[in-house]
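Structural characterization, general
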Number of protein chains: 2
Amino acid sequence: MATSPLKICAFQQAVTTDRDANMAAAVSAAHQAADAGARLLLLQELHAHPYFCQSIDNTHFRLAESIPGPTTETLGAVAKKHEMVIVAPLFEKRPSGIHHNTAVVLDSDGTLAGMYRKMHIPDDPGYYEKYYFTPGDLGFTPIDTAVGRLGVLICWDQWFPEAARLMALAGADILLYPTAIGWHPPDDEAERLRQRDAWVTIQRAHAIANNLPVISCNRTGFEADPSGALPGIEFWGSSFICGPQGEILALAPADKEAVLLADVDLARSREVRLQWPFFRDRRVDTYGDLGRLGRD
Amino acid sequence: MATSPLKICAFQQAVTTDRDANMAAAVSAAHQAADAGARLLLLQELHAHPYFCQSIDNTHFRLAESIPGPTTETLGAVAKKHEMVIVAPLFEKRPSGIHHNTAVVLDSDGTLAGMYRKMHIPDDPGYYEKYYFTPGDLGFTPIDTAVGRLGVLICWDQWFPEAARLMALAGADILLYPTAIGWHPPDDEAERLRQRDAWVTIQRAHAIANNLPVISCNRTGFEADPSGALPGIEFWGSSFICGPQGEILALAPADKEAVLLADVDLARSREVRLQWPFFRDRRVDTYGDLGRLGRD
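Fair warning: this is a prediction, and the values are worked out from it, not measured in the lab.

**With respect to the nonpolar core**
One finds Leu150(A), Trp159(A), Leu150(B) and Trp159(B) to be the most contacted residues of the largest nonpolar core, which totals 152 residues. Setting aside residues up to four positions removed in sequence, Trp159(A) forms contacts with Ile181(A), Ala198(A), Trp199(A), Ile202(A), Arg165(B), Ile208(B), Ala209(B), Trp276(B) and Phe278(B). Among the nonpolar cores identified, the runner-up in size contains 22 residues, and Met23(B), Leu41(B), Leu43(B) and Val104(B) belong to it.

Given below as structure tokens:
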């Protein structure tokens, strides 16, 4: 368990089609975060690539990599150099030939502490993830590291209170959400604000319901749909870090890259959990229908 | 199912020890809401009484009533007169001699459509509810009325995403939270704001996660602890109504009574549920541990 407070960092990135340049920017952000004292760095979903799920195109499978592989090698070395835990989302190719939307967790000694495979897979216009990613098979299992037990989830998972709760019940110290979400260019300003506010609100609510800090790292910048069929995505940035009452500790802008830093106090989580002891009162005798798609 | 939009109302009340005066104020608010076109009225938790759970005192059990009883009689007549659905929280005494923190739902013809018995019972300094209330035995069962299927929950339930989800899975059209929550006078301004913001945020998140409107009705005003042991509670009001993206439609002040009105559009909920189809992607194959107190 880390000493408190723990400085943590999200790197909100605008990416290009140049994988090496995207990775170099992430490494540079890691140096900057380490210089500032950060001991945990979260990168955004599929951080080394454009959000290729905007179109259905089997050439994109070439972007996938193995674990261990180039990302664990490059960022493992960075983690070790700075004695920093790095959570790096990537496009995973398994030996069996199936693919996942995965985040690897590199411990502060550079070793692979574990990984999380995205459990909830979206499929909407411009977010054709069910085509690319097999739903995760590792469950909601937090990963032990030098800075604590990390409840890593990915993007669409953030809309599911079940995911956050299961990580918390398994002892997570922090919830982490690498994300790629943005605006549909034709949407008007009111709809844009409702969507982004909903996205912030529900993640803050996971902090509140589970008495845990949350760090959410989203990409920024406009990415065109390479197929030309859709108008592209304006990723809305707005990465943030909040404390265990959902209080915002740091917030990035919508439209700029950011090395976002905040101190989280894990002792504070334990205080809050005593002050508002929700977990004491869960009615586990009556939650069976959560395991069904509906009771309608 | 109601036509859309549906005008709904929360009556945020400051109560005294005079039960008849508290009830008369609620009846007056019902008239006012009906005149404004409301077809659903939500009263606050234990609306006819001071929040007696501030102290442990067995004389308070005298405040309990049967169902049917005085509240269903008085408010049933009001519901029928105005063809309005009224959700009225009360202190329930069962024939067996046990007690619940309950809300009755009076349909627009004045009949008892159903009731909800609070499932999650808090117990904290000034909120000694485990002394008074047996945890509910009716589960998370929404109640069919002339204006739709109502997912009635009560106060502490609002911190449990499980409760909102179960109501939504069972087909609720609206989530309703009668509440009695306030500030501990010694707490500083920053802590007060964090607490109230957490309370708003988590309820808005239930709207977002479940693509449903939420109406939350809290009491207002200061109530002393009759035992003198504690410094009393400054109920923070701030009742609100939000839409299925968590967008605030109406918000009451902290420190004044309010007949809070808003139009909710149930057709909009269905649109939002198609736009962000969370329910499609729930991993019910992996949620088993939600039925456990922990995996730690």
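**A closer look at helix H1 (residues 19–35) of chain B**
All names here are of chain B. Compared with the 24 Å implied by 1.5 Å per residue over 17 residues, the 24 Å span of H1 between its first and last C-alpha is a close match. Residues of H1 that are buried: Asn22, Met23, Ala26, Val27, Ala29, Ala30, Ala33 and Ala34. Relative to the axis of H1, the buried residues are bounded by an arc of 160 degrees and lie together on one face. Along H1, exposed side chains directed more than 90 degrees from the buried face belong to Asp20 and Asp35. At its buried positions, H1 is contacted by strand E1 (6–12), strand E2 (40–43), helix H2 (70–82) and strand E15 (258–264).

**With respect to unusual backbone geometry**
Residues and elements named next belong to chain A. A cis amide bond links Ile67 with the next residue in sequence, Pro68, at an omega value of -5 degrees. With respect to the element layout, Pro68 can be found in the loop between strand E2 (40–43) and helix H2 (70–82). Of note, Cys155 is a non-glycine position whose phi angle comes to about 40 degrees, a positive value. Within the secondary structure, Cys155 sits in the loop between strand E7 (148–152) and helix H4 (161–169). We classify Cys155 as buried; its relative accessible area is 7%.

Calculation rules
- Residues numbered from 1 in each chain as written.
- Chains lettered and ligands numbered in written order.
- Predicted model: local features only at pLDDT ≥ 70, side-chain atom pairs only at ≥ 80, totals over all residues.
- Heavy atoms only, no water.
- Core = buried A, V, L, I, M, F, W, Y, C linked by side-chain atoms within 4.5 Å.
- Buried < 20%, exposed > 50% of the residue type's maximum accessible area, 1.4 Å probe, protein only.
- Contact = heavy atoms within 4.5 Å.
- Helix = DSSP H or I, 4+ residues; strand = E, 2+ residues; numbered from the N terminus.
- Expected span 1.5 Å × (residues − 1).
- Arc of directions from axis to C-beta.

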